[in-house]
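Now for the letters of each chain:
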Amino acid sequence: MNTVNVILCGVGGQNVLRAGELLSRAAMHAGYDVKMSAPSSGEHSGESTSCHVRWGQKVYSPVIRQGEADFIISFEQMETLRQLPMGKNGVAVIVNDDVIPPRAGRESFPYPDNIEDLVNAVHGTFHLIPAKHLSGEDGHVALTLLGAFAAFNQCSQESWVQAIREWADGDPESSLAVFHQGQESVHEPLRIEVGERFELPDSPTPKGVRSFDEMLALVKTLPQRRVAIAGAENKAALHAGIECVELGLGTPVFVGNADVIRRTSAEQYPEFPIGNYEILDARDEAATAERAVAIVRGGDADILLKGGVNTPTLMRAVLNGKTGLRSGSLLSDTFVFEYPDEDGIRLIMITDGGVTLQPTVQQKVEILKNAVVVAHALGNVMPRVAILAASETINPNVAATMDAAVITKMNRTGQIPGCVIEGPIALDVAVSRKAAAIKGTDSPVAGQADILVAANIDTANALAKSTTYFAGYRLSHVIVGGTAPILIASRSDTSDAKLLSVALGSLMAKYFEEQRDALKR
């Protein structure tokens, strides 16, 4: 079957990413698997910005490669030319007739006066839409262009209406009216065959990978990643590396006391050919941590896994400004567990139970964004995020509720894209639709939260561990925000948890690689 590939482009301030989110929602409500990425996301006026949206029966990568785009939706004419090489033969180009004079970074392109001829030259179809004229204001240009695009695809009218009602700020009926004007501006619809849709669960949004078994099966189809194990003389860490090989999850690089690693392997796992794998000698914990971090930083390994090295020592090496794995973002731990809800097993994330002690509002935003990246890597293009508090009431005397209200408003005004946020919201309402119905909570997040953001490290850590020790759920976790996935396994984690964390780290490494490749193009 075919996958539909859509590129949206424009300049900062034109709500290109918000339009991508709306398009993603409509495709998901129509029953498709959806991926979205933002190869360029300039926020300032005049800066180029774009996003990719792909959907079909099953989509693994959010990145559209050159010559693969079925549609280009352009908010500004010059940006159309930047993206035109991405279109396939017969690409349909929907262009806003707005003109924004070039600024820094865009001067090298003379402003086009024959854009239709250029589109025709690459064997595409051209549709110039007076979006600003039809919408009456800048904020509705996205709705007008997507209305025009709606005449070209299989998403049902019901899917668009549902998506717009969820997406719109303020008056959804006004947004729907503008969307319909855009639909009416295109008179010759073009149909692209996508193939048979899969059936949606009762929850209206497909969730990508829904279980750890699905995640393991997916990782086994991917190229194996190199896993640097810091402190591999530890028996549990050595065993994790061996199981990575046996299960096809990754290739270990054993870092630590080489003599002890070889001796332990010979005594405990005599059948394992330890000599076939790289062993990097380091004689103390600090040296082990530094060497393991160095090979990840240098690209000789893709994932960092804590072995026998203690966590503070490893994190000092990770956080070193000159030789570590910092990217300029806040590092945070995302804990993932399997939860059997009303629709069956699905994955839920809890953050941050391992790094930031008492996060500020801005730090909570960074922690949340890191968890959203994990959700995207798992194929959940629009995760539902619950900012937890004791109740849904905003109380000026309860800091957690005030933080939650601010973050929710930031999401609804487009400042935190790629997810749907609700807060403050209590745990029962966040994860149980029955509890949400009893309490009368009407929210797209209620009963269906994919990410739980706790008020502080104590709450997140206790909540995460309760899923294992009280409920017996399977778990994995990964630290994100650095240049590579970092796996800080607890000494009490089971072997299964360590292996699932490696599998999660492998998906994260693949996602980071795709994002880097997209930014290079």
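Residues numbered from 1 in each chain as written. Predicted model: local features only at pLDDT ≥ 70, side-chain atom pairs only at ≥ 80, totals over all residues. Heavy atoms only, no water.

## Let's talk about helix 13 (residues 361-377)
Note the cut-off: What counts as a helix is a DSSP run of H or I of at least four residues, what counts as a strand is a run of E of at least two, and both are numbered from the N terminus. Every helix has an expected span of 1.5 Å times one less than the residues it contains. Relative accessible area decides the class of each residue, using a 1.4 Å probe on protein chains only: under 20% of the type maximum gives buried, over 50% gives exposed, and in between gives partly exposed.
Compared with an ideal rise of 1.5 Å per residue, which puts 17 residues at 24 Å, helix 13 spans 25 Å between its outermost C-alpha atoms and is within 8% of the ideal. Regarding helix 13, the residues found buried are Lys364, Val365, Ile367, Leu368, Asn370, Ala371, Val372, Val374, Ala375, His376 and Ala377. Note on helix 13: the residue one or two positions beyond its end, Gly379, has a positive phi of about 95°.

## As for the environment of Pro359
Stated formally: Contacts are assigned to residue pairs with any non-hydrogen atoms lying within 4.5 Å of each other.
Relative to the elements of secondary structure, Pro359 occurs in the loop between strand 12 (344-351) and helix 13. The exposure class of Pro359 is buried, given its relative accessible area of 9%. Taking the C-alpha atoms as reference, Pro359 lies 7.5 Å from Ala455; in sequence the two are 96 residues apart. Not counting residues up to four positions away in its chain, the partners in contact with Pro359 are Lys364, Ile367, Ala455 and Asn456.

## Thoughts on the packing of aromatic side chains
Convention followed: Within 6.5 Å between ring centres, the rings of Phe, Tyr and Trp (the latter by its six-membered ring) count as paired, and their orientation is classed by plane angle as stacked under 30 degrees, edge-to-face over 60, tilted in between. Only when the NZ atom of a Lys or the CZ atom of an Arg is both within 6 Å of the ring centre and within 35 degrees of the ring normal do we say a charge sits over the ring.
This model, assessed by the stated rule, comprises 9 aromatic pairs. Summarising the aromatic geometry, the rings of Phe272 and Tyr277 are spaced 5.3 Å apart at their centres and angled 15° between planes, so their arrangement reads as stacked. Here the aromatic rings of Phe337 and Tyr473 are separated by 5.9 Å at their centres, their planes lie at 10°, and the arrangement is stacked. In this pair, Phe337 sits in strand 11 (residues 332-341) while Tyr473 sits in the loop between helix 17 (457-469) and strand 16 (475-480), placing the two residues 136 residues apart along the sequence. With a relative accessible area of 25%, Tyr473 lands in the partly exposed category. Ring pairing ties together the aromatic residues Phe335, Phe337, Tyr339 and Tyr473, which thus form one cluster. Above the plane of the ring of Trp167 lies Arg18, whose end atom (NZ or CZ) is 4.3 Å from the centre.

## Some details on the pattern of salt bridges
As a reminder of what qualifies: Think of a salt bridge as a Lys or Arg side-chain nitrogen and an Asp or Glu carboxyl oxygen that are within 4 Å of each other.
Inspection of every chain in the model, using the stated rule, returns 16 salt bridges. In this structure, the salt-bridge partner of Glu173 is Arg165, at a minimum N-O distance of 2.6 Å. Salt-bridge contacts for Lys439 lead to Asp428; the nearest nitrogen and oxygen are separated by 3.0 Å. Here Asp428 lies in helix 15 (residues 427-431) and Lys439 lies in helix 16 (residues 433-439), a separation of 11 residues in the sequence. Salt bridges here are not isolated pairs; linked through shared partners, they connect Asp33, Lys35 and Lys58.

## Quick notes on the nonpolar core
This is how it is decided: As used in this record, nonpolar core signifies buried Ala, Val, Leu, Ile, Met, Phe, Trp, Tyr and Cys residues forming a set joined through side-chain atoms within 4.5 Å.
Among the nonpolar cores identified, the biggest contains 68 residues, and Leu8, Trp55, Trp160 and Leu452 are the most heavily contacted of them. It is helix 5 (residues 141-150) that contributes the most residues to this core, 8 residues altogether. With residues up to four places along the chain from it excluded, the contact list for Leu8 reads Val16, Ala19, Gly20, Leu23, Thr49, Ser50, Cys51, Val53, Ile73, Phe75 and Leu146.

## Overview of the packing of helix 1 (residues 16-29) against helix 6 (residues 157-167)
Defined as follows: The angle between two axes is taken between their N-to-C directions and runs from 0 to 180 degrees, where each axis is a line fitted to C-alpha atoms and a helix contributes only its stretch in contact. Geometric relationships in this document are graded by angle, where less than 35 degrees denotes roughly parallel, more than 145 denotes roughly antiparallel, 65 to 115 denotes roughly perpendicular, and other angles denote oblique. Each helix crossing is assigned a hand: it is left-handed if the near helix lies turned anticlockwise from the far helix by less than a right angle, otherwise right-handed if that turn is clockwise. Under the convention adopted here, Pro, Cys and the residues Ala, Val, Leu, Ile, Met, Phe, Trp and Tyr are nonpolar, Asp, Glu, Lys and Arg are charged, and Gly plus all remaining residues are polar.
Two numbers describe how helix 1 lies on helix 6: the axes approach to 8 Å, and their chain directions differ by 135°. Here helix 1 is positioned oblique relative to helix 6, judged by the angle of their axes. As helix 1 runs across helix 6, the sense of the crossing is right-handed. From helix 1, Arg18, Leu22, Leu23, Arg25, Ala26 and His29 reach across to helix 6, where they touch Ser159, Trp160, Gln162, Ala163, Ile164, Glu166 and Trp167. Residues belonging to the contact of helix 1 with helix 6 are distributed by class as follows: 7 nonpolar, 3 polar and 3 charged.

## Details of the pairing of strand 13 (residues 384-388)
Selection criterion: If DSSP finds at least two bridges between two strands, the strands pair. Look down the strands so they point away from you; if the path from the first strand over the helix to the second goes clockwise, the crossover is right-handed.
Buried residues dominate strand 13, accounting for 5 of its 5 residues. Here strand 13 shows no split at all, with Arg384, Ala386 and Leu388 on one side and Val385 and Ile387 on the other all buried. With 4 bridges connecting them, strand 13 and strand 14 (residues 420-425) associate as parallel partners. Looking across to strand 14, one finds that Leu388 is bridged to Ile425. In this fold, strand 13 hands off to helix 14 (residues 399-412), which returns the chain to strand 14; that crossover is right-handed. Across 3 bridges, strand 13 lies against strand 15 (residues 451-453) in parallel orientation. Bridge pairing in strand 15 links Ala386 to Leu452.

## So, the side chain of Asn257
Within the secondary structure layout, Asn257 lies in the loop between strand 8 (250-256) and helix 10 (258-268). Taking relative accessible area as the criterion, Asn257 reaches 16% and is therefore assigned buried. The contact partners of Asn257, leaving out residues within four places of it in the chain, are Glu233, Asp281, Ala282 and Arg283.

## Quick word on the confidence of the model for the protein chain
Our working rule: What pLDDT reports is the predictor's confidence in each residue, on a scale of 0 through 100.
In the predicted model, the protein chain carries a mean pLDDT of 84, and 86% of its residues have values of at least 70. Taken as a whole, residues 103-109 scores under 50 in pLDDT and shows 15 contacts with residues more than four places along the chain or in a different chain. pLDDT under 50 marks residues 188-206. Its contacts with residues more than four places away, or in other chains, come to 51 contacts.

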